Structures are given as C-alpha cells and as structure tokens.
Amino acid sequence: MSRFIQKSQVPIDFLMGRVVKLSSVGLDRKSCAQVRVRRNEYNSYLHQFYAKSEDFWAFDGQGGARLGDLVLIRQMTEPLTRKVQHQVERTVFKHGNIVDPITKRRVVQDEFVDESLAKKALIEKVLLGDKKTPAAPEDEQEALGFDEEHEAQLERLHNLRLSDSSPSSSSSR
Amino acid sequence: MNVTVKVAEESGWKSESKKMPFMRGPMPLRRTTYYLEQGHILLRDSVRIFSINFHGKPNPLQKGAREFVFWHWAQLQYKNPSVQLVKHNNISVTPFGQAFLVNGDEVLLDFEGKTRQEIHDVIKNVLGKTELVLRREQLEQTLQKNPANFGSEFNRHCLCEVQGQQPCSSVLPVPSYLKGGFRWTKSRP
C-alpha cells in the first residue's frame, strides 16, 4: 500500500500550521515555536487525499505566538540554527480568541460574543426587571412571592415582544 | 447489492472480496481519477495556501460552503498539488475562504448565503488562471517538447531510425569521410 502514497508536492518555503511547542535558542534566548503543518498526500490506489503532519521549528521574532495559534511560517534566507529554518510571519487565528475575519466580531462556540451577551442581557431584563441581582436572603420579607415574581416576568416578556413586533422597532442581527 | 449475498449464500460463505471493493464512503464517485481530472479550478502560481471554513452541520447560509468542500475539495488538491489546502471546521460563524499569496497578501472570500456553484465560480474568477493563461502555458509546454528531438529520453533513440538519414553504424560501416579520425586529422590537404 505504501508504494501508492505520493509525497506532497507542496514546497516547504511558505506554510500554515498550528503552534504545538514553545522554546528558545541561543545565549540570548531567542523565542521559537514548533509549528505542526498538515499537507495532503495522495493515495493513488484509493484515489483519496490524507493529511500528513510535519513539525517545523520557526523563529518567533515578535514573541506573540502562543500554543494553539494558527500561524503562517516562511523559510528564512539565513536560518537561525540547523533546526530552526523558518520564521513566524503572522498569526492568522489566536487560540481562544477567534475573530471572524469577515465581520470582525469575536466568536465563541458557533456564536458571536456580542450576540450572546445581548441575549444574556435580554434574559436578565425579563427575569430581574430593574433589579440587578435576585433578592438577597435578608430581604426575603420585602421580596415578592414566586407567583407574583413570575407574573411580573411574564408581563415584561409580553411588553418586550410587543415592542419588538411594532413597526418602529429595528431588527437585531 | 443482493447478487453478492445470493452468491455468498449459494457458495455457503460470505466474502468481503466479492463486493465491489472501492464503493465506500458517501459518494465514491468523487474518488475516481476521471472525476478528479474534471477539476476546473487551477489556482494562480501566486496562491500558495488556500483555507476554507465550513460547518459540519450547516444552517441554510452555511450550506453552500459545505457542499463545495464535499464535491470539489479533492478536485482542487488534485489539480493544484503545490498548494497547501487547509480545512477549518466550525471555527467561526460565517463560512469563508482565505488565500495566502507568495508575498504574504491575504485574499478573503465571503461564502455566506452562496450556493456551491457560486462559491466555485467566485474562486475560479478571483484566484483561478484564466483561459488565456492556460492556453499560453499549454503552448509553452508543446514548444518545449520538440518532436524533432531524438535521444535516450525521446521517442527516437537514434537518427538512423528516420528514413532518408544515414543507416545505423551497427548495420553498415560509416564512410571514412564522416568519421572523426578523418575529419579532424586527414581532411586537411
């Protein structure tokens, strides 16, 4: 089967990969990042491409690369050491802080952060009304009973729905 | 399908090898060389990396990108073996494509709300080689392959294979006036 696997023809001078390790070289401790690059190999028997990972050490001049970042690396004309032949050109996506390149809004688990915060604010508005937090145990006598609280919440929800459906209101995306 | 089961039952045992061996996966048509050769997008030489963000379970706006990856990703890699193709699954809400050029420039393509065909056309028009460029490259290749050439790498090994040229020296002795020893030494009067 291995004789059917054709090595990838993608040249190694300009690649995209994920940072898997951070280290430093030399007396002046120049920061480097090990970048895992996936290139597709063609299996001419199965007529299918399979991704093959390779690790490249890249010199991180700006020092901004963190574990898990998606980076672009380029081969250096004068390599730093025998192993460090590439340098980190730029970070495409930062780990844990993915910004949608088209809308420029931050994304967390298939949802825009500003959208999810707005939803949360709406829910709090319905549940709590003008109060910032639910009633503390000391204020139990002053707080409304469950049924009254529930009625107030339903009223707030109804009002919100009416204001949302009115022609003057703007639709949020 | 059921023919194999019938044969297996008749022979008394079920064999894997009796089934069609490569009809595996959701659409095995994509895994034929004929289909892969049909890739229409040939990316320009300046495009070195192309990545796409699609969604495994797409909503209607994200569907086109998923279909494009399903049908055309292997074709794209087959036709552009020196481009690094990268797939991102669900990293962002909007489906998009990013092309990174040699000089570090980024080309961003928005695929939200587009159909598979529209995405294919956008990539072809923005990042693909035009027909004029392809025709010129084809002509340049044919120029390099001069049919008049002969030698160990070409169709005709020796010029003696061409009718009207000198016969092979292994069959008939070469006349003395054509031999090197005569030409470089004895031709001078």
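Residues numbered from 1 in each chain as written. Chains lettered and ligands numbered in written order. Predicted model: local features only at pLDDT ≥ 70, side-chain atom pairs only at ≥ 80, totals over all residues. Heavy atoms only, no water.

**Here we look at the side chain of B:His55**
All names here are of chain B.
Turning to step 1, where the next piece is worked out: With respect to the element layout, His55 can be found in the loop between strand E1 (47-54) and helix H3 (63-79).
Turning to step 2, where the next piece is worked out: Within polar-contact distance, the side chain of His55 engages the backbone oxygen of Val93 at 3.3 Å.
Turning to step 3, where the next piece is worked out: Once you skip the residues sitting within four places of it in the chain, His55 turns out to touch Gln62, Arg66, Asn89, Asn90, Ser92, Val93, Thr94 and Pro95. (Helix = DSSP H or I, 4+ residues; strand = E, 2+ residues; numbered from the N terminus. Polar contact = N/O pair within 3.5 Å; in protein donor to acceptor, adjacent residues only side chain to side chain. Contact = heavy atoms within 4.5 Å.)

**What to know about the domain arrangement of chain B**
Turning to step 1, where the next piece is worked out: Assigned domains of chain B: these are domain 1 (22-131) and domain 2 (157-189).
Turning to step 2, where the next piece is worked out: For domain 1 of chain B versus domain 2 of chain B, the distance between C-alpha centres works out to 59 Å. (Domains from an automatic or database assignment.)

**Let's talk about the side chain of A:His86**
Residues and elements named next belong to chain A.
Turning to step 1, where the next piece is worked out: Looking at where His86 falls in the secondary structure, it is placed in strand E6 (residues 84-93).
Turning to step 2, where the next piece is worked out: We classify His86 as buried; its relative accessible area is 2%.
Turning to step 3, where the next piece is worked out: Beyond its immediate sequence surroundings of up to four residues, His86 is in contact with Ile12, Phe56, Trp57, Ala58, Phe59, Ile73, Arg74, Gln75 and Met76. (Buried < 20%, exposed > 50% of the residue type's maximum accessible area, 1.4 Å probe, protein only.)

**Focus: the interface of chain B and chain A**
Turning to step 1, where the next piece is worked out: With 36 residues of chain B in contact, the opposing surface of chain A contributes 33 residues.
Turning to step 2, where the next piece is worked out: Both sides together, the interface formed by chain B and chain A hides about 2800 Å², and carbon and sulfur atoms give 61% of it.
Turning to step 3, where the next piece is worked out: When the buried surface of chain B facing chain A is broken down by residue, B:Arg31, B:Arg48 and B:Gln84 rank first, second and third, together holding 21% of it.
Turning to step 4, where the next piece is worked out: Where chain B meets chain A, there are two salt bridges.
Turning to step 5, where the next piece is worked out: Listing elements by their share of the side of chain B that touches chain A, those giving two or more residues are helix H2 (33-37), E1, H3, strand E2 (84-89), strand E3 (96-101) and strand E4 (106-110) of chain B.
Turning to step 6, where the next piece is worked out: By residue class, the composition of the side of chain B that touches chain A is 19 nonpolar, twelve polar and five charged. (Buried area = accessible area lost by both parts, 1.4 Å probe. Salt bridge = Lys/Arg side-chain N within 4 Å of Asp/Glu carboxyl O. Nonpolar A, V, L, I, M, F, W, Y, C, P; charged D, E, K, R; others polar.)

**Topic: the pattern of salt bridges**
Side-chain pairing between opposite charges can occur once the charged atoms of the two side chains come close.
Turning to step 1, where the next piece is worked out: Counting across every chain of the model gives 15 salt bridges over all chains.
Turning to step 2, where the next piece is worked out: Across the salt bridge formed by A:Arg90 and B:Glu106, the nearest N and O atoms sit 2.9 Å from each other. Residue A:Arg90 is located in strand E6, and its partner B:Glu106 is located in strand E4; the two belong to separate chains.
Turning to step 3, where the next piece is worked out: Notably, a salt bridge pairs A:Glu149 with A:Arg156, separated by 4.0 Å at the nearest N-O pair.
Turning to step 4, where the next piece is worked out: Judged by its relative accessible area of 23%, A:Arg156 falls in the partly exposed class.
Turning to step 5, where the next piece is worked out: Linked through salt bridges whose partners overlap, the residues forming this network are A:Arg105, A:Asp114 and A:Glu115.

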